[in-house]
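Residue-level structural notes
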Amino acid sequence: FKPFLPAFVEIVLKQVVATGKAQCADSLACKSMDFLSVIARSVHHAVLQPHVSAILSGIILPNMMLRQVDKERLEDEPDEFMRRELLGSDSDTRRRAASQLVKAIGMHGKEGWSSMVLQAVDQQVKSTDVSAKDASLGLFVAIASKATTPSAGCITVDQQCNPVQFFTSNVLADLQGGESVQPAARCAAIKFILSFRSQLVQAAGAEVLGVLVSQMQSPIRSVHSFALHTAERVLAVKSAEGKSLVTKEILSPHVGQVIQACFQVLNMPVSKENEYALQCVIRAISISPEAAKPLANDLLNGLFSSFKSFLATRKNPIFPFYLFECIAAFLRFVCGNDEAFVQAFAQQFGPVCTTVMNDKVEEVESFAIQILAMLMERWTGTVPDWSAATLTMCLTPAMWEHRALIPTLTRLLGAFAVRAPQHLVQQNLMDRFF
């Protein structure tokens, strides 16, 4: 096949250009770019060298740009748009194939290819066309990122690129322009932060958090979901020694704004079951619990409202998992063993969790039992009224027929035995434990 490779490459190049941007030709375009990427990584990479300029202008740039169908997906299918753009389910898209082609050619082209791509970025990044601006950011990410990890984003940067300077000069303004900036431009800017979060947090962690909080307040689901997910990932970045780069000192002045913005999202009609908001709350209160304590009442009311709202709708099957984690984090990091906080929590969640057990709401029954167990483990006063009904249900054989509930029921009964032994004796329940 080697003698035919140059001619075959030229045919593929012409075919990719000829496919245009029609959605029906996506598979062919992606496979063609994947083929070129394989050639660029192989020992036959020299075959592509005479064509690299044409590849950049005629194939990579056009296929990196947002199409009308992408803009419509941002508005009409925000969750699908986010999965494609941020969560890695874009393996079969033109944008991903073009990005991989940039990286593949750079394996052997080195400095000459980087200079060529950066020149194209400079030409596109100042454009008022949102598609061109988005493509320029994608190009910069592709050429600048030499090594990435799921937890930290880009960890090795091309020596010709300075992500922090590029962010300040070309990206930050889109995040400070409010609702006047097009949603697609803001999503692209937030995605840039996600890609270079390790570098940006070290250089300007407080400023990055500030612009993300402002984008959380957008009424557009795609924009505030992008901001929530990116903020959570920014808070999770760790140094090589395993320490969080966003320290308590950096986060504490912003933790109130972050938490309030998350619950504002959960109050929006379009995002009442937005799991990214809960993930962000969990991360914030686990890093800086002391700063979150003044917001304990707001947190409690917000979590209770979300819990009640989910029981009424039950639309997002993923939501209760993160809701329980958020409630557990609240009990552990914010309430602790503070009697006033624990009683306030019990007053709201105790009766509702008991009702969930009684009605056997399958989606959250196990979580409700765990919440009650954590609550009883922290209880110091007289046993609350609702606990009698809870205890009676826990001791019925029907509850133990579900194997998935056995660990949580065991934990709850153990908490009752430790915290309220006199109540068990008075109600003649001890013999039912054995």
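What comes next concerns the included structure. On a predicted model such as this, the values are computed, not experimentally measured, just so you know. (Residues numbered from 1 in each chain as written. Predicted model: local features only at pLDDT ≥ 70, side-chain atom pairs only at ≥ 80, totals over all residues. Heavy atoms only, no water.)

What about the overall build of the protein chain?
The cut-off we apply is this: Labels follow the DSSP assignment, with helices taken as runs of H or I lasting at least four residues and strands as runs of E lasting at least two, numbered in each case from the N terminus. Residue exposure (1.4 Å probe, protein chains only): buried if accessible area is under 20% of the type maximum, exposed if over 50%, otherwise partly exposed. Residues count as neighbours in contact if any of their non-hydrogen atoms are within 4.5 Å of one another. Areas reported as accessible are Shrake-Rupley estimates using a 1.4 Å probe. Residue values count occlusion only from the protein chains shown. His residues and chain termini do not enter the charge count, which takes Lys and Arg as positive and Asp and Glu as negative. Charge placement uses NZ in Lys and CZ in Arg. For Asp and Glu, CG and CD serve respectively.
In terms of helices and strands, the protein chain carries 21 helices and two strands. Structurally, the protein chain occupies a C-alpha span of about 90 × 45 × 40 Å along its principal axes. Here the protein chain holds 434 residues, and the buried ones make up 53% of them. The contacts of the protein chain with a sequence gap of at least 6 include a subset with a gap of at least 24, amounting to 72%. Of the accessible surface of the protein chain, which amounts to about 19800 Å², a share of 54% is contributed by carbon and sulfur atoms. Taken as two groups, the 39 positive and 39 negative side-chain charges of the protein chain have centres that lie 5 Å from each other.

A word on a negative patch on the surface
This is how it is decided: Each patch groups residues whose relative accessible area exceeds 30% and which form no salt bridge, using 9 Å between like charges and 5 Å between nonpolar side chains of Val, Leu, Ile, Met, Phe, Trp and Tyr. One side-chain nitrogen of Lys or Arg within 4 Å of one carboxyl oxygen of Asp or Glu is enough to make a salt bridge.
Together, E72, E75, D76 and E77 give the surface a local cluster of negative charge. Turning to its location among the elements, E77 is positioned in the loop between α4 (68-76) and α5 (78-85). Classification of E77 as partly exposed rests on a relative accessible area of 45%.

Side note on the packing of aromatic side chains
Stated precisely, the cut-off is as follows: Only rings of Phe, Tyr and Trp enter the pairing, Trp through its six-membered ring, and a pair is recorded when the two centres are within 6.5 Å. The plane angle decides the type: under 30 degrees is stacked, over 60 is edge-to-face, the rest tilted.
On inspection of all chains with the given rule, the structure shows 15 aromatic pairs. Seen in terms of ring centroids, F8 and F35 are 5.4 Å apart; in terms of plane orientation they differ by 75°. Their pairing is edge-to-face. Highlighted residues: F8 in helix α1 (residues 5-19) and F35 in helix α2 (residues 26-41), separated in sequence by 27 residues. Connected via pairs of aromatic rings, a cluster forms that spans F140, F166, F167, F192 and F196.

A look at the packing of helix α16 (residues 319-335) against helix α17 (residues 339-359)
Rules: Note on geometry: axes are C-alpha line fits, over the in-contact stretch for helices, and angles between N-to-C directions span 0 to 180 degrees. Oblique is the label for any angle not covered by the other classes, which are roughly parallel (under 35 degrees), roughly antiparallel (over 145) and roughly perpendicular (65 to 115). Helix crossings get a hand from a simple test, with the near helix turned counterclockwise from the far one by less than a right angle marking a left-handed crossing and a clockwise turn marking a right-handed one. Side-chain classes are defined by residue name, with Ala, Val, Leu, Ile, Met, Phe, Trp, Tyr, Cys and Pro counting as nonpolar, Asp, Glu, Lys and Arg as charged, and the others, Gly among them, as polar.
Where α16 meets α17, the closest approach of the two axes is 10 Å, and the angle between their N-to-C directions is 160°. Considered as vectors, α16 and α17 are oriented roughly antiparallel to each other. The chirality of how α16 crosses α17 is right-handed. Contacts between α16 and α17 pair I327, F330, L331, V334 and C335 from the former with F341, F345 and F349 from the latter. Its residues placed into classes, the contact of α16 with α17 shows eight nonpolar, no polar and no charged.

Observations regarding α5
Filter applied, for reference: For this quantity, the arc is that covered by the directions from the helix axis to the C-beta atoms.
Taken residue by residue, α5 has P78, F81, M82 and E85 as its buried positions. Within α5, the buried residues cover an arc of 95° as seen down the axis, which keeps them to one side.

Examining the pattern of salt bridges
A full pass over the atoms with the stated rule returns 18 salt bridges. The salt bridge partner of D70 is R67, with a shortest N-O separation of 3.8 Å. Residues D70 and R67 agree in their burial class; the two are buried. R73 is the salt-bridge partner of D70, the closest N and O atoms lying 3.2 Å from each other. Here R73 and D70 lie together in helix α4, a separation of three residues that amounts to about one turn. Judged by relative accessible area, D70 falls into the buried class, the value being 9%. Via salt bridges that share partners, D26, R67, D70, R73 and R94 belong to a single interconnected network.

Keep in mind these numbers describe shape, not what the thing actually does.
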